[in-house]
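Each chain is listed here by its residues.
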Amino acid sequence: MASSSCPYSTSIDRVTFRTRVLARHFDQFDLNPPPSLQSSVCLNYSPPELSEGFEFDINEMRKLIDGHNLEDRDWLFGLMKQSKLFCPRERGGRVFVSPDYNQSMEQQREMTMRRIEYLLDRGVFQGFLTGKGPEAELRKLAFFEVFGIFDHSLLTKLGVHFILWGGAIQFFGTKHHHEKWLRDTEDYVVKGCFAMTELGHGSNVRGIETVATYDSSTGEFVINTPCESAQKYWIGGAANHATHAIVFSQLNMNNSSQGVHAFVVQIRDGNGNICQNVRIADCGHKIGLNGVDNGRIWFDNVRVPRENLLNSVADVSLDGQYLSEIKDPDQRFAAFLAPLTSGRVNMSSIAIYISKISLAIAIRYSLTRRAFSITPKGPEVLLLDYPSHQRRLLPLLAKTYAMSFAALYLKTIYVKRTPDSNKTIHIVSSALKATLTWHNMRTLQECREACGGQGLKTENLIGHLKGEYDVQSTFEGDNNVLMQQVSKALLAEYVAAKKKNRAFRGLGLEHMNKSCPIIPSELTSSTLRSTQLQIDVFCLREQDLLGRFASEVSEHQVRGQNKEYALNMSYQLAEDLGKAFSERTIFQTFIEAETVLPSGSLKNILGLLRSMYALISLEEDASFLRYGYLSPDNAASVRKEVAKLCSELRPHALALVTSFGIPDAFLSPIAYNWIEANSWSSAEH
């Protein structure tokens, strides 16, 4: 065996060699570091209220952005905090309430139902369907916002029952349906669900495949699932609890389809047993909303009485004659989508309250969490004192304020609706549902990252809420499809106005009657913050994009392509236009809220928020550069002004999130004493 070439061939020699090498390394370091590298005194939590002043009345601000039913909201918050059903837990010297997401799917569903029973026993749902007038509807909407602040599953389960099932009975039914179902729905004698979506058809409701055929010999409708793609899918409440369903089906009369109609179908008896010829399966575990029992339903020639057709839009006589005062099939179909409008109104406002939760948590945390020092031996810096951190959170805060006013506007026009306003409500609710739910998801993601590792903990809510609210992007209308509907509706308004040579009226389009605004070639700080400049630039974008969209669609049609093909090929302009309409509408509601206030601190802070909303919208939308509304130099000026606004909003950050009025218990431990909440004593407890 050849000898080793290493001079230290024995094991003892190798140990001696390594020891000398390590010793030479250690000799390079002073094992007594200078004071600046010694351990510092342990961090202590200091409530941000001790250092952050409130320069405006936070109660008045809350009244402004909540808008209605503040006492009712606070009563319901208190009701939830009183019961162990809402999972109170002590963390860091405070009590927090939120669902126990460690429970199994089955346990979460059971807890959702038990919470509903608790609220029912305390009269929370009184007047939800039997109450009349705008005040009753606003109270219901306020309560739904509180449900959502606590738990999306609770909100969704109640929304399916009251807004979708109950709303369908209200909108589609007539007097005998109202008398038979509304009170029992309000009292939970029946538990309703809304069976519209199918495995093969979601947004394209007109294409659903479930069939209802009238049998004149018995005076019954026969409802059937003809193929697997026709199974009803994602039906909230169907898997475990619902006793009845609103079933959307193609109405077949004398071998001719009359389009989509709605029927009341019992799917379980009073003991919870599935009815004959109905099959139900579970949709299974989801990324969120596991407290809702989403199910799939098949109907095997299920017979229902003729009276179970919800007949406010169309009816079938005993001898099988189809009757409707609305002769146009397209108008009839549109009438059947009314409950979805109420759902979108509700969803828009809920999305903003979830954005408020995430911003309140992330901003409060950033006002007590420090990282790095910027001077030798200096203290670590609060996260929110870093300009980059301000830039992440404060524009989203301004957008959330702006969208609060938009959601309040949408609720107001909805509860005061008339037949003449239905089209406006449909278009505005579609635009705002998409825009506000997208904003919510972006805000949740940014706030999650802004909280670092703490944002991953379920008890700190933000990370978990991403999974809970992701569904809103496609729930009750895919956001992209909704925005295309908005652009198509605006195009129809444009074509009608040009064809009839009449002025634009409604939807805030009156600015289309004027010539395009002219943007100054050089934008100073004061110009960028001027209300008129901000109005002009939003209107210029919308006016120009609507004209471009109309021209492009027309060009495709001139070349012999049909309208639907032309619209599809113009999708990029359609997307730009939908965004322009939404953001101009939001900005308009902000201006209206600000204008009525007297001069003072509240109006001043709203002026900063309004300018931030306007300028961040300019910065983030490439349309302003793409179509030349802003020069590159002006775009650079906008960017600089956003940074200035961040520094000016920074002193008001705590006051602005406190004004949301969300009780401490409905936020999370990192919004308060996160050191104590993570202490060893807390872990032992």
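Residues numbered from 1 in each chain as written. Predicted model: local features only at pLDDT ≥ 70, side-chain atom pairs only at ≥ 80, totals over all residues. Heavy atoms only, no water.

Undergrad: I'm lost on the overall build of the protein in this one. Help?
TA: When you go through the protein residue by residue, the secondary structure sums to 23 helices and 15 strands. C-alpha extents for the protein along the principal axes are approximately 105 × 70 × 65 Å. A total of 685 residues make up the protein; the buried ones form 54% of that total. Considering only residue pairs separated by 6 or more positions, the protein has 74% of its internal contacts joining residues 24 or more positions apart. A total of about 30,800 Å² of accessible surface is found on the protein, and carbon and sulfur atoms cover 52% of it. Of the side chains in the protein, 73 bear a positive and 74 a negative charge, and the two mean positions are spaced by 2 Å. (Helix = DSSP H or I, 4+ residues; strand = E, 2+ residues; numbered from the N terminus. Buried < 20%, exposed > 50% of the residue type's maximum accessible area, 1.4 Å probe, protein only. Contact = heavy atoms within 4.5 Å. Areas by Shrake-Rupley, 256 points an atom, 1.4 Å probe, with all protein chains shown as cover. Lys, Arg positive; Asp, Glu negative; His and termini not counted. Charge placed at Lys NZ, Arg CZ, Asp CG, Glu CD.)

Undergrad: Please clarify how the sheet that holds strand 10 (residues 295-299) should be interpreted in this entry.
TA: Hydrogen bonds between backbone groups are what pair the strands of a sheet, and the pairing can be parallel or antiparallel. Read from one edge to the other, the open sheet built from three strands follows the order 6-10-9, with strand pairing classed as antiparallel. A strand with exactly one partner marks an edge of an open sheet, and here the two such strands are strand 6 (232-235) and strand 9 (278-282). Averaged over all neighbouring strand pairs, the angle between strand axes comes to 25°, with direction disregarded. (Pairing = 2+ DSSP bridges. Axes fitted to C-alpha atoms, helices over the stretch in contact; angles between N-to-C directions.)

Undergrad: Hey, could you run me through the packing of helix 13 (residues 479-500) against helix 15 (residues 531-558) in this one?
TA: Packing of helix 13 against helix 15 brings their axes to within 10 Å, and their N-to-C directions diverge by 85°. Compared by their axis directions, helix 13 and helix 15 come out roughly perpendicular. Here helix 13 contributes Ser487, Leu490, Leu491 and Tyr494 to the contact with helix 15, which in turn contributes Leu546, Gly547, Phe549, Ala550 and Val553. Among the residues forming the contact of helix 13 with helix 15, the class breakdown is seven nonpolar, two polar and no charged. (Parallel < 35°, antiparallel > 145°, perpendicular 65-115°, else oblique. Nonpolar A, V, L, I, M, F, W, Y, C, P; charged D, E, K, R; others polar.)

Undergrad: Would you take a moment to explain the pattern of salt bridges for this structure?
TA: Any two side chains of opposite charge can pair if their charged atoms end up close together. Enumeration over the complete set of coordinates arrives at 39 salt bridges. Residue Arg391 is joined to Glu619 by a salt bridge in which the shortest nitrogen-to-oxygen separation is 2.5 Å. Of the two residues, Arg391 sits in helix 10 (residues 387-415) while Glu619 sits in helix 18 (residues 601-620), which places them 228 residues apart along the sequence. For Glu619, a relative accessible area of 23% gives the class partly exposed. Through salt bridges with shared partners, a single ionic network connects Arg529, Glu641, Lys644 and Glu648. (Salt bridge = Lys/Arg side-chain N within 4 Å of Asp/Glu carboxyl O.)

Undergrad: Looking at this structure, I do not really get unusual backbone geometry. What am I missing?
TA: Across residues other than glycine, the phi torsion is negative in most instances, and most of the peptide bonds are trans. One non-glycine residue, Asn301, adopts positive backbone phi at about 55°. Locating Asn301 in the fold gives a position in the loop between strand 10 and strand 11 (302-305).

Undergrad: Help me understand the nonpolar core in this model?
TA: Within soluble globular proteins, side chains that are nonpolar generally end up buried alongside one another. By size, the foremost hydrophobic cluster in this structure holds 199 residues, and its most contacted members are Leu119, Phe125, Phe147, Ile246 and Ile363. No other element matches the 14 residues that helix 10 contributes to this core. When near neighbours in sequence (up to four residues on either side) are disregarded, Ile363 contacts Leu384, Leu393, Leu394, Leu397, Ala653 and Val657. (Core = buried A, V, L, I, M, F, W, Y, C linked by side-chain atoms within 4.5 Å.)

Undergrad: Can you help me understand helix 11 (residues 422-450) in this one?
TA: Residue pairs spaced three or four apart in an α-helix point in one direction, given the helix's 3.6 residues per turn. Between its first and last C-alpha, helix 11 extends 41 Å over 29 residues, near the 42 Å set by a 1.5 Å rise per residue. Remark: Gly452 follows helix 11 within two positions and exhibits a positive phi of approximately 60°. (Expected span 1.5 Å × (residues − 1).)

Undergrad: What's the story with helix 10 in this structure? I'm lost.
TA: With 29 residues, helix 10 extends 42 Å between its outermost C-alpha atoms, agreeing within 8% with the 42 Å of an ideal straight helix rising 1.5 Å per residue. The largest bend in helix 10 comes to about 25°, at Leu393, with the proline Pro395 one to four residues further on. (Bend = angle between axes of the 7 residues up to and from the residue.)

Undergrad: Which parts of the structure should I look at to understand the packing of aromatic side chains?
TA: As enumerated under the stated definition, the model contains 28 aromatic pairs in all. Ring centres of Trp165 and Trp181 lie 5.9 Å apart, and the angle between their planes is 85°; on these two criteria the pair is classed as edge-to-face. Taken together, the residues Trp165 in helix 6 (residues 152-172) and Trp181 in helix 7 (residues 175-186) connect sequence positions 16 residues apart. The same class applies to Trp165 as to Trp181, namely buried. Taken together through their ring pairs, the aromatic side chains of Trp75, Phe125, Phe128, Phe143, Phe144, Phe147, Phe162 and Tyr188 make up a single cluster. A cation over an aromatic ring shows up here: Arg417 above the ring of Tyr414, its NZ or CZ 4.2 Å from the ring centre. (Phe/Tyr/Trp six-rings, centres within 6.5 Å; stacked < 30°, edge-to-face > 60°. Lys NZ or Arg CZ within 6 Å of the ring centre and 35° of its normal.)

Undergrad: Please explain the confidence of the model for the protein as it appears in this structure.
TA: Detailed reading of predicted coordinates is not advised where the pLDDT is low. Within the protein, residue pLDDT values average 92, and 93% of them lie at 70 or more. This model gives residues 1-12 a pLDDT under 50, and the stretch forms six contacts once residues within four places in sequence are excluded. Contacts for the low-pLDDT stretch residues 21-39, under 50 throughout, to residues beyond four places or in other chains number two contacts. (pLDDT = per-residue confidence, 0-100.)

Undergrad: It is not clear to me how the pairing of strand 3 (residues 192-195) should be interpreted in this structure. Could you clarify?
TA: Look at any regular strand and the pattern is simple: side chains alternate between the two faces of the sheet. The alternating pattern of strand 3 places Gly192 and Phe194 on one face and Cys193 and Ala195 on the opposite face, and all of these are buried. Summarising the sheet, strand 3 and strand 7 (residues 244-253) pair through four bridges and their orientation is parallel. Bridging across to strand 7, Ala195 finds its partner in Val247.

Undergrad: So what exactly am I meant to see when it comes to the packing of helix 10 against helix 17 (residues 571-595) here?
TA: Helix-helix packing is characterised by the crossing angle of the two axes and by the distance between the axes. Where helix 10 contacts helix 17, the two axes come as close as 8 Å, and the packing angle between them is 90°. Viewed along their axes, helix 10 and helix 17 adopt a mutual orientation that is roughly perpendicular. Note on element contacts: helix 17 touches helix 10 through Ile586, Thr589, Phe590 and Ala593, opposite Ala402, Met403, Phe405, Ala406 and Tyr409. Residue composition of the contact of helix 10 with helix 17, grouped by class: eight nonpolar, one polar and no charged.

Undergrad: Just checking my understanding: could you explain the side chain of Thr112 for this structure?
TA: Considering the arrangement of structural elements, one finds Thr112 in helix 4 (residues 105-121). Leaving out residues up to four positions away in the same chain, Thr112 has contacts with Asp151, Ser153, Leu154, Lys157 and Gly291.

Undergrad: I keep staring at the side chain of Ser473 and nothing clicks. Help me out?
TA: With respect to the helices and strands, Ser473 occurs in the loop between helix 12 (462-469) and helix 13. Given a relative accessible area of 15%, Ser473 falls into the buried group. For Ser473, the contacting residues outside a window of four places in its chain are Lys433, Thr437, Trp438, Met441, Asp478 and Asn479.

Undergrad: Please explain the environment of Asn634 as it appears in this structure.
TA: Summarising the element assignment, Asn634 is placed in helix 20 (residues 632-649). A C-alpha to C-alpha distance of 6.0 Å links Asn634 and Leu523, two positions 111 residues apart in sequence. With near-sequence residues (within four places) excluded, Asn634 lies in contact with Pro520, Ser521, Glu522 and Leu523. Within the structure, the side chain of Asn634 is placed 3.3 Å from the backbone oxygen of Pro520, a separation counted as a polar contact. A polar contact is formed between the side chain of Asn634 and the backbone nitrogen of Leu523, at a distance of 3.1 Å. (Polar contact = N/O pair within 3.5 Å; in protein donor to acceptor, adjacent residues only side chain to side chain.)

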